[in-house]
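Survey of secondary and tertiary structure
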Amino acid sequence: GSPTGRRQSPPSPHPSVQMLSARRLMSAWLLRLGSALRAPLRRIVAGMPLPPPAPPPAQPLAVPLLSRVPFRPPSWAQSLRAPSERIVLGHMPTPLMPWACPELQELGVRWVIKRDDMTGLELSGNKVRKLEFLMRDALAAGCDCVITIGGIQSNHCRATAAAARLVGLEPHLILRCPAGEVDGDPGLVGNLLLDRMLGATLHLVTIGEYATRGQAVLTAALAGRLAAQGRRPYVIPVGGSNALGTWGYLDAVEELRRQLLEEAPRLGCIDHIVFACGSGGTAAGVALGARLARMPQRVHAVGVCDSPDAFYDQVSFVSIRQKGRVWARRLYDQVRFLILGDRGRVVCGGPLQKYPGQGARPGAAGARARRA
C-alpha cells in the first residue's frame, strides 16, 4: 500500500501510444463498416447505367507524319483529275506573318509572308507540298527508288532525298555542275553534305550535257540503267513540277484563301501574290488555283532563271494536263512573270526596267510590280 493508505492509479501511457491505439481502433471500425456496406454497394452499382462516352475533341488532333491520308480537293477544283491520297510529310497549314522591313518603307507597301519555310526541317520549303503527292504515287506504283534532277545545290533534290528516305525509297540525284568538276569529288558544301548524309547516289553531268540532252533524256537513261539491274525507279522531274506535283499548290491556294478570309481583320486587304519561280510547278498551281477559286489577287511569278516565254510554256503544259488548252490560254492573263536581272535590274516580261538598288531582292521586285 501507499504511505497514505490510498490506492494509486496506473501511470498514463505516452501520447504517441494513445495516438497509435486510436488509429488502430479507427482502422478496425472502417474495416467493419466496409464489410457491412460491400454487398449493398454492389447491388446499387449493378443497377446503375454506364456513363456516357467522352465527347470527341473540339479540334481534331494533328495527322501523324508519314501517314497515308485521303485527299479531298477543294470544291472549286472538282472538275480536275485529283489524286486520291497523299503522304503527310509537312506541317501545314503554314502561318501568315506580317513583315515590317525598314529598308522598304518608302515603297508604301504592306508585306505579308506565307511561311512555307516552316513546313519541316529536312524538307522545309515549297517542295514538301509537291512531294506529298509524288511519294505516295511512287509507293503505290511499287517502286523502290526515285530519280530526280537539278543543280549541284538543288533544294528540290535535297528535299526529294529526305522524303524518299522517310518513306523507305532509295534516292538517285542527277546534279549538273561545271565540266571541270564532273569527274571529281563534288565536296561537302551546302546541300551536297545533306544529300550524302541521306545516302543519296549522286550522278554528275555537265551543264552543257544537261542543256544538250535535257532532263527527260537524262532521267530516262538513268531509269533504264536501274531497271536493267532489277530496280523499279520512279522519275520526278526538276522541281517536282508536273501535273501531279502541281496539286501541292492547288491545295495551298485553298489554304491561303481561307487564311486571308479568316485573318482579314488582322492582315487587311491583300491584292497581290508574289513568289519565286524556278521550274514552273508552283506558278502553275497558284495561277490555276487562283483562277478557279476566283481569287481577286494578281499573281506574280519572280523568275530565277530562263525567260518568261520558257516559263509560260511550262505553266501552259502543266495546266493543259490539268484542265485543258482553253484554261492554259487564260492563265497568260493570270500570271505576270518578273525576271530578276543583274545589278539591281528587273526585267518584267521583256523590256528592261532599271530600279537602282531595289531589284536585287525578290521582295523589292514584288513591291515595284505592284506600283507598275
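Thresholds, definitions, all that
Residues numbered from 1 in each chain as written. Predicted model: local features only at pLDDT ≥ 70, side-chain atom pairs only at ≥ 80, totals over all residues. Heavy atoms only, no water. Pairing = 2+ DSSP bridges. Helix = DSSP H or I, 4+ residues; strand = E, 2+ residues; numbered from the N terminus. Axes fitted to C-alpha atoms, helices over the stretch in contact; angles between N-to-C directions. Contact = heavy atoms within 4.5 Å. Phe/Tyr/Trp six-rings, centres within 6.5 Å; stacked < 30°, edge-to-face > 60°. Buried < 20%, exposed > 50% of the residue type's maximum accessible area, 1.4 Å probe, protein only. Lys NZ or Arg CZ within 6 Å of the ring centre and 35° of its normal. Core = buried A, V, L, I, M, F, W, Y, C linked by side-chain atoms within 4.5 Å.

Quick notes on the sheet that holds strand β6 (residues 170-177)
- Within the open sheet, the 4 strands sit side by side as β7-β6-β5-β8. Their pairing is parallel. Of all the strands in the sheet, just β7 (201-206) and β8 (233-235) have a single pairing partner and so form its edges. Geometrically, the sheet is characterised by an average inter-axis angle of 25° between neighbouring strands, direction not taken into account.
- Note: strand β5 (residues 145-151) against β8, 3 bridges, orientation parallel. Bridging across to β8, C145 finds its partner in P233.
- Those strands touched by helix α3 (residues 155-167) are β5 and β6, and its axis lies near 165° from that of β5.

Description of the packing of aromatic side chains
- This structure, assessed with the given rule, holds 3 aromatic pairs.
- Aromatic pair F71 and F133: ring centres 5.0 Å apart, planes at 85°, arrangement edge-to-face. Within this pair, whereas F71 is found in the loop between β1 (68-70) and β2 (85-87), its partner F133 is found in helix α2 (residues 127-140), the two being separated by 62 residues in sequence.
- Residue F71 is classed as buried on the basis of its relative accessible area of 8%.
- Stacked on the ring of Y249, the Lys or Arg R129 has its end atom at 5.6 Å from the ring centre.
- Seen from the ring of Y210, R176 lies directly overhead, with NZ or CZ sitting 4.5 Å from the centre.

Considering the nonpolar core
- Formed by 30 residues in total, the largest nonpolar core has its most connected members in W76, L80, W247, L260, F275, V286 and M295.
- Going through the elements one at a time, α6 (247-262), β9 (272-277), α8 (281-292), β10 (298-303) and α9 (308-322) are the ones with two or more residues in this core.
- The contact partners of V286, leaving out residues within four places of it in the chain, are Y249, V253, I273, F275 and V299.
- Counting 18 residues, the second-largest nonpolar core is a separate cluster that includes L89, L123, V146 and A164.

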